[in-house]
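# Examination of the molecular architecture
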Amino acid sequence: MSARHHTVEKIGGTSMLDYAAVRDNIIRHPAAQRDGLYQRVFVVSAYGGITNRLLEHKKSGRPGVYALFASSESGRTWREELDSLRLEMYQLNAGYFSDTASIHRANQFIDERVASAEECLRNLEQLCRHGHFSLQSHLATVREMLASLGEAQSAWNTVQLLQRDGVNARFVDLTGWRDDEHLALDERIIKAFEDIDLAAELPIVTGYAHTRDGLMASFDRGYSEMTFSRTAVLTEAREAVIHKEFHLSSADPNIVGEQYAVPIGRTNYDVADQLANLGMEAIHPKAAKGLRQNNIPLRVKNTFEPEHAGTLITPDYVSETPRAEIIAGSRGVYALELFDQDMAGQIDVFDREILSTIRRFRGQIIAKDINANTITHYLGGNLKTIKRIRQALEETFPDAEIDQTKVSIVSAIGSDLKVTGILAKAVAGLAAHDIGVQAMHQSMRQVDMQFVINEDQFDDAVKALHECLVEVHDHGAAICLAQA
């Protein structure tokens, strides 16, 4: 393959649900074919909603097959959920294939994988009834196995559909299904691409990749972005592209109005990291790191607006005029506050223990406050996880006062926020809309400002900050740069 000649592109789950849009707006669209139909690699996510059913709902926490298998607290069983999911996957197949023979083949592919996974779960369940075996020690492997089912279906289906439509597509299965080799991620990708001719074939790659150490152990639901990033790095792509159902915009258009939200056009990887920290699906920070280090630009495009160049993210971009580029945030954040009079002078001791507890329960830290005797962590996640963290901390620090409050965080982010008075302007803008600030953070790196506010004032705060920090600037120049 030719270095710096091809692109590696990732298609998100919501986009994958619309095969016609993927085919016509992404693969066949003239604006995307700099080198013809080929010289492109596509890493695909599972169809929208399928991974939530396989694992657990990413936002609501509703248990899927994995969560039900791991816990017996729910009235539903993992077998019932798996049977229901299989029917949903059949329905997806029926919507994509028009003839009976193709539907049958697609369902057979699902049956083979799902039946094999079900057999593994049944055997493991039986094995762990014996006192010498612990279910807990196998759950990470179970999670990986189940996650692989979604990407396998979407990638396999896409290859069959593209071949039907005259494209020489090739199924690149990184899931390790029935593979007795336990390879590192890089080894698996390199091996898979050894005999692929990018000039004549269109690889459709599963977003999940089986690895020796387990991809989800490090990246959890960001695993497909890691597969995408490493594929771009190892094949020496000239550009990495993510196709989503929306633009990377200055704010959520559903909040500020479509007439005010604009695509960012240009930004850098620092901004992408801040967005990821807030739970926005730009790209996982560790996936972005590989692209940044190898100087591979990342473009985020809207699947349903193929003519638009999208937003180009590069390592060294800095806006010509220092300003806020995007207003984003997180709803439903839990502020977990620990106060202890004995903390003064030994904050590090308390902090290490608190961080260890949060890590043990896989809490997501969005922001953090520290003073002489109080540490507050702002955590993403469901209430069940927060309660477990709090209970563990109460056992560790019996004399401490621990409190939790549900809040929202709104952030102004930009590649260069070195504007005198911008913090005062932001606070004044919030105050003008009767929005009180409970806490705020601004680092010396000058790429973001975070405001902790009442939970129910999220939308108003986004609108207020967008109005006073973003709408006052002309965004045409950045969009032109992205198109160039």
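Everything discussed here concerns the structure shown above.
A brief structural summary. Quick caveat: nothing in here was measured; it's all calculated off a predicted structure. (Residues numbered from 1 in each chain as written. Predicted model: local features only at pLDDT ≥ 70, side-chain atom pairs only at ≥ 80, totals over all residues. Heavy atoms only, no water.)

### Quick notes on the overall build of the chain
Our working definition: Runs of H or I in DSSP of at least four residues are treated as helices and runs of E of at least two as strands, each being numbered from the N terminus. To get the radius of gyration, use the C-alpha atoms; to get the globule rule, take the number of residues to the power 0.38 and multiply by 2.2 Å. Residue burial is assigned from relative accessible area. The probe radius is 1.4 Å, only protein chains are included, and a residue is buried under 20% of its type maximum, exposed over 50%, and partly exposed in between. Throughout, a residue-residue contact means that at least one pair of heavy atoms, one from each residue, lies within 4.5 Å. Using a 1.4 Å probe, the Shrake-Rupley method yields the accessible areas, and only the shown protein chains count as cover for residues. In this tally Asp and Glu are treated as negative and Lys and Arg as positive; neither His nor the chain ends contributes. The atoms used to mark charge sites are NZ of Lys, CZ of Arg, CG of Asp and CD of Glu.
Across its full length, the chain carries 18 helices and 14 strands. Here the C-alpha radius of gyration of the chain, 24 Å, is about what a compact globule of 484 residues would show, namely 23 Å. The principal-axis extents of the C-alpha atoms in the chain amount to approximately 65 × 65 × 35 Å. Within the chain, buried positions represent 54% of all 484 residues. For the chain, contacts bridging at least 24 residues in sequence account for 75% of all contacts bridging at least 6. For the chain, the exposed area adds up to about 21,600 Å²; of that, 47% sits on carbon and sulfur atoms. Of the charged side chains in the chain, 50 are positive and 67 negative, and the gap between their average positions amounts to 3 Å.

### Some points on the packing of aromatic side chains
Heads up, the condition is: Stacked, tilted and edge-to-face are the three classes assigned to paired rings of Phe, Tyr and Trp, where Trp is represented by its six-membered ring and a pair needs centres within 6.5 Å; plane angles under 30 degrees give stacked, over 60 edge-to-face, the rest tilted. By the criterion adopted, a ring carries a charge over it if an Arg CZ or a Lys NZ lies within 6 Å of its centre and within 35 degrees of its normal.
Within the structure shown, the criterion is met by six aromatic pairs. Aromatic side chains Phe109 and Trp156 sit 4.9 Å apart centroid to centroid with 15° between the ring planes, which places their arrangement in the stacked category. Of the two residues, Phe109 sits in helix H6 (residues 100–127) while Trp156 sits in helix H7 (residues 139–164), which places them 47 residues apart along the sequence. Classification of Phe109 as buried rests on a relative accessible area of 11%. For the ring pair Phe109 and Phe171, a centre distance of 6.1 Å and an interplane angle of 80° mean the geometry is edge-to-face. On the criterion of sequence distance, the pair formed by Phe109 in helix H6 and Phe171 in strand E3 (residues 169–172) is long-range, its members being 62 residues apart. An aromatic cluster is built from Phe109, Trp156 and Phe171, whose rings are joined through pairwise contacts. Sitting above the plane of the Tyr66 ring, Arg143 keeps its charged end 4.9 Å from the centroid.

Just geometry here; none of it tells us what the structure is for.
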